[in-house]
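Report on the structure
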Amino acid sequence: MSTNKPLTKNIQIGRAPFNFQQYQAAGGYESVTKALSMVPRDIINLVKDSGLGGRGGAGFNTGLKWSFIPEPDGGPRYLVVNGDEMEPGTFKDRLLMEHDPHLLVEGIITASIALQATHAYIFLRGEYKVAEQCLHKAIAEAYEAGMLGKNIQGSNFSLELTLHTSAGRYICGEETALINALEGKRANPRFKPPFPQVSGLWGRPTLVNNVETICNIPGIVKYGIEWYKSLGVNGQAGTRISGVSGRVKNPGCWEMPVGTTFRTLFEEYAGGMQDGYQLRAFLPGGGSTDFLMPEHLDLPMIPSEVAKAGSRLGTSLIMVLDDKTCPVGCVHNLIKFFAHESCGWCTPCRDGLPWAEHILRKLEAGEGSMKDIDILKEMCGYMAPGNTFCALAPGAAEPLQSGLKYFMDEFVEHVNHGCKYHKH
Amino acid sequence: MSNIIASTAPKARQLTPEEIHEIEHEKKHYPYAQAVGLEALKIVQKYQGWVSDESLLAVAEYLDIPPDELEGVATFFNLIYRRPVGKNVILFCDSVACWMLGCDSLKEHITKRLGIDYGQTTEDNLFTLIPVPCLGDCDRAPTMMVGNQHYRNLTPEKIDEIIAEYRAKG
């Protein structure tokens, strides 16, 4: 029996996640059996043709990313699952890991069969203590059932799976920084090329994929492309977890067809704004995306459509900014986060972000000048793509540049009169 | 002068059998010992409360990692404490979703109740207050952790209850 909620069909908030037997009884681990009977390259092509895009924020075609891995040479090959969820306003991977850990484990095994990986690592955020317990239990159960380890289900395929818990650093979301962290090094990003598919973890072929991306794999392999394409709307394939935080009536995250509009998410799922608050703007997919305005609510949540409106879909968990919260203060909070989380490797990020934070603090305190606003504008250019070593600073610049674009009168007001908003 | 430096420089302590046992368990999962560096620091911190110079040197020696490289890792990650902390570490989320829902005034409330600011520890050594980036619980903001425990939809009253609970535990 196929489903139209492949990511959350087993999730029921309030009850413990399925154990191995329960999960298997609900049709779990069937994609492993199927994948073992397939040619690995065919699985990669299947995932490519399904149209699945990475759910970590960049949205790159997953199968295409996989296809760059070279043929096996007898040495180790790695799959690393990025569960270091730390993008401000993002809380979807937590849901998947805490409530259906076996779906992730199944996805990892099936993906590893396609990639002919020998060892998979889950790189989990250190603060996610509940997810850690759930995953530990699920992995142990899968080993016990012969779903992990040597000769899985009597095949020639063997796989080790290790849960690695990190210790809190946003930059680990950058895949080469994550690889350095997993090697026990300071998590600075690496120069690309070579890309991890060719030379990643310990110099070996490595794929890094987001938790939700991997959770899509069992369904695609089990039910095929036609089924997957039937799940989306507005010409899109599959489902994804989108959500809302901020002063809405019903904040949360839900699985919905890819291509759903922001309005459906905001009004039907999240119930619109709380009484007494108006929607001023929203960040469409995490702290590192440009603000969008109420007139953008009818856009479908498709990366290319959101790009046309001058932002990025990112993680598709939107944060709403209400009319009683200071937009300059909001940008200041975001830039403070990015300044703290800069790894310090390259100058525009290491020096630019703390400087921008300093200026925004001055503006909030009513000590800013018009010159400061010009400097902020200039800095968005210094931190633009191509001027930095990785995507952290360009991402940080997105709410700043769009904040300046949409709320310039508020910035000027701060220069003249300081912040008029009530401090929460 | 060199003698003075040598006599005051911290030296590696002996790792405990429990610490060694757990570090050895972790080593099985990685082809190189260096990969266990962060995990070993976390293990040491679990038993000692924080990572002293003596602990850091001990881990570096045990895993054969240059101490400065391990220090580079220890100081990089938010959750490795290179200074002593209180019995309960409050990780207070100050990122954007919590900020929009009023975490600044809640932080002031904690500061008033406990008499400590970020990075400080109460005199009775029960609490240390540290800001933490987005805890991924934005639909139930404001939020914070105390040790491994997560607290959501915080209000000043709820915070008072949580503090009382940990005080009662002593």
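These figures come from a predicted structure and were not determined experimentally. (Residues numbered from 1 in each chain as written. Chains lettered and ligands numbered in written order. Predicted model: local features only at pLDDT ≥ 70, side-chain atom pairs only at ≥ 80, totals over all residues. Heavy atoms only, no water.)

1. Observations concerning the overall build of chain B
A tally of regular secondary structure across chain B gives 8 helices and 4 strands. A principal-axis box enclosing the C-alpha atoms of chain B has dimensions of 50 × 40 × 30 Å. Within chain B, the proportion of its 170 residues that are buried is 51%. Looking at chain B alone, contacts between residues at least 24 apart form 61% of all its contacts between residues at least 6 apart. Averaging the coordinates of the 17 positive side-chain charges in chain B and doing the same for the 25 negative ones gives two points 4 Å apart. (Helix = DSSP H or I, 4+ residues; strand = E, 2+ residues; numbered from the N terminus. Buried < 20%, exposed > 50% of the residue type's maximum accessible area, 1.4 Å probe, protein only. Contact = heavy atoms within 4.5 Å. Lys, Arg positive; Asp, Glu negative; His and termini not counted. Charge placed at Lys NZ, Arg CZ, Asp CG, Glu CD.)

2. Some remarks on the confidence of the model for chain B
This prediction gives chain B a mean pLDDT of 95; 96% of its residues lie at or above 70. The complex prediction reports pTM at 0.96, with the ipTM value standing at 0.94. (pLDDT = per-residue confidence, 0-100.)

3. Some points on the environment of Glu398 of chain A
Residues and elements named next belong to chain A. You can see Glu398 is positioned in helix H16 (residues 392–406). With a relative accessible area of 11%, Glu398 lands in the buried category. Linking Glu398 and Arg312, residues 86 residues apart in sequence, is a C-alpha distance of 9.2 Å. In this view, Glu398 contacts Ser288, Thr289, Asp290 and Arg312; residues no more than four positions away in its chain are not counted. Reaching out from Glu398, the side chain makes a polar contact with the side chain of Arg312 at a distance of 3.1 Å. (Polar contact = N/O pair within 3.5 Å; in protein donor to acceptor, adjacent residues only side chain to side chain.)

4. With respect to the interface of chain B and chain A
Interface size is commonly expressed as the accessible surface area that is lost when the partners come together. Counting residues at the interface gives 39 residues for chain B, matched by 55 residues for chain A. For the pair chain B and chain A, the summed buried surface comes to about 3,800 Å²; carbon and sulfur atoms form 60% of the total. Across the chain B-chain A interface, the total number found is 2 salt bridges. Our count for the chain B to chain A interface comes out at 20 residue pairs in polar contact (both at pLDDT 80 or more). Where the side of chain B that touches chain A is concerned, the elements lending two or more residues are helix H3 (37–48), helix H5 (67–74), helix H6 (96–100) and helix H7 (103–114) of chain B. (Buried area = accessible area lost by both parts, 1.4 Å probe. Salt bridge = Lys/Arg side-chain N within 4 Å of Asp/Glu carboxyl O.)

5. Here we look at the domain arrangement of chain B
Splitting chain B by domain gives domain 1 (2–76) and domain 2 (88–169). Of note, the centres of domain 1 of chain B and domain 2 of chain B, computed from C-alpha atoms alone, are 30 Å apart. (Domains from an automatic or database assignment.)

6. Regarding the sheet that holds strand S2 (residues 127–132) of chain B
Residue and element names in this part refer to chain B. Strand order across the open sheet formed by 4 strands is S2-S1-S3-S4, with mixed pairing between neighbours. Each edge of the open sheet carries a strand with a single partner, namely S2 and strand S4 (149–151). Each strand of the sheet is rotated relative to its neighbour by a mean of 20°, with strand direction disregarded. (Pairing = 2+ DSSP bridges. Axes fitted to C-alpha atoms, helices over the stretch in contact; angles between N-to-C directions.)

7. Observations regarding the pairing of strand S5 (residues 239–245) of chain A
Residue and element names in this part refer to chain A. Burial within S5 is extensive, with 7 of its 7 residues counted as buried. Of the two faces of S5, the one lined by Thr239, Ile241, Gly243 and Ser245 and the one lined by Arg240, Ser242 and Val244 are each fully buried. As judged from the 6 bridges shared by S5 and strand S6 (residues 252–257), these two strands associate in the antiparallel manner. By the bridge assignment, Arg240 is partnered in S6 with Met256. Inspection of the sheet shows S5 paired to strand S8 (residues 317–322) by 3 bridges, in the parallel sense. If you follow Ser245 over to S8, its bridge partner there is Met319.

8. What to know about the pattern of salt bridges
Following the criterion strictly, the structure yields 39 salt bridges over all chains and no others. The salt bridge partner of Glu71 of chain A is Arg41 of chain A, with a shortest N-O separation of 3.1 Å. One end of the pair, Glu71 of chain A, is in the loop between helix H4 (62–67) and strand S1 (78–83); the other, Arg41 of chain A, is in helix H3 (residues 40–50), with 30 residues separating them in the sequence. A single salt-bridge network, built from bridges that share partners, covers Arg94 and Glu98 of chain A together with Asp137, Asp139, Arg140 and Arg152 of chain B.

9. Quick word on the packing of aromatic side chains
Under the definition given, this model contains 21 aromatic pairs over all chains. Ring centres of Phe191 of chain A and Phe389 of chain A lie 6.3 Å apart, and the angle between their planes is 40°; this geometry places the pair in the tilted category. Placement of Phe191 of chain A in the loop between helix H8 (175–182) and strand S4 (206–210) and of Phe389 of chain A in the loop between helix H15 (370–382) and H16 is noted, with a sequence separation of 198 residues between them. Judged by relative accessible area, Phe389 of chain A falls into the partly exposed class, the value being 30%. Measuring from centroid to centroid gives 6.4 Å for Tyr151 of chain B and Tyr166 of chain B, while their planes differ by 80°, and the two rings are edge-to-face. With a gap of 15 residues between them, Tyr151 of chain B in strand S4 and Tyr166 of chain B in helix H8 (residues 156–169) connect regions that are remote in the sequence. Each member of the pair, Tyr151 of chain B together with Tyr166 of chain B, is buried. Clustering of aromatic rings is evident, with ring pairs tying together Tyr78, Tyr121 and Trp202 of chain A together with Tyr30 and Tyr32 of chain B. Just above the ring of Phe76 of chain B sits the side chain of Arg169 of chain A; from NZ or CZ to the centre is 4.2 Å. (Phe/Tyr/Trp six-rings, centres within 6.5 Å; stacked < 30°, edge-to-face > 60°. Lys NZ or Arg CZ within 6 Å of the ring centre and 35° of its normal.)

10. What to know about a nonpolar patch on the surface
Residues and elements named next belong to chain A. The grouping of Phe60, Leu64 and Phe68 at the surface amounts to a nonpolar patch, some 270 Å² of accessible area in total. Within the secondary structure, Phe60 is located in the loop between H3 and H4. For Phe60, a relative accessible area of 42% gives the class partly exposed. (Patch = residues over 30% accessible without salt bridge, like charges linked within 9 Å, V, L, I, M, F, W, Y side chains within 5 Å. Areas by Shrake-Rupley, 256 points an atom, 1.4 Å probe, with all protein chains shown as cover.)

11. Topic: the packing of H15 of chain A against helix H17 (residues 408–417) of chain A
All names here are of chain A. Axis separation between H15 and H17 bottoms out at 9 Å; the angle between their running directions is 140°. In terms of axis orientation, H15 runs oblique to H17. Here Met370, Ile373, Leu376 and Lys377 of H15 lie close against H17, whose contacting residues are Met408, Phe411, Val412 and Val415. Residue composition of the contact of H15 with H17, by class: 7 nonpolar, no polar and 1 charged. (Parallel < 35°, antiparallel > 145°, perpendicular 65-115°, else oblique. Nonpolar A, V, L, I, M, F, W, Y, C, P; charged D, E, K, R; others polar.)

12. Let's talk about the sheet that holds S8 of chain A
Sheets are built from strands paired through backbone hydrogen bonds, the pairs being either parallel or antiparallel. Residues and elements named next belong to chain A. Here we have 4 strands laid out as an open sheet, ordered S6-S5-S8-S7, and mixed in their pairing. Two strands lie at the open edges of the sheet, namely S6 and strand S7 (279–283), each paired on one side alone. Across the sheet, the mean angle from the axis of one strand to that of its neighbour is 30°, orientation sign disregarded. Bridge analysis of S7 against S8 gives 4 bridges, and the strand direction is antiparallel. Within S8, the position partnered with Ala281 by the bridge is Leu321. Across the sheet, helix H11 (residues 262–269) is in contact with S5, S6, S7 and S8; its angle to S6 comes to roughly 130°.

13. Thoughts on helix H14 (residues 347–364) of chain A
All names here are of chain A. Taking 1.5 Å as the rise per residue, H14 with 18 residues should run 26 Å; its terminal C-alpha atoms sit 25 Å apart, in good agreement. Looking at H14, one finds that the buried residues are Cys349, Gly352, Leu353, Ala356, Glu357, Ile359, Leu360, Leu363 and Glu364. Looking one or two residues beyond H14, the residue adopting positive phi is Gly366, at roughly 75°. (Expected span 1.5 Å × (residues − 1).)

14. Concerning the nonpolar core
Ranked by internal contacts, the top residues of the largest apolar core, which has 180 residues, are Trp66, Leu79, Leu104 and Ile109 of chain A together with Phe77 and Met144 of chain B. Composition of this core by domain shows at least three residues from each of domain 1 (2–76) and domain 2 (88–169) of chain B. The contacts of Leu79 of chain A, once residues within four sequence positions are left out, are Ile108, Ala111, Ser112, Leu115, Ala117, His119, Ala120, Tyr121, Leu207, Asn209 and Ile214 of chain A. Formed by 19 residues, the second largest nonpolar core is a distinct cluster that contains Val248, Met273, Leu297 and Val306 of chain A. (Core = buried A, V, L, I, M, F, W, Y, C linked by side-chain atoms within 4.5 Å.)

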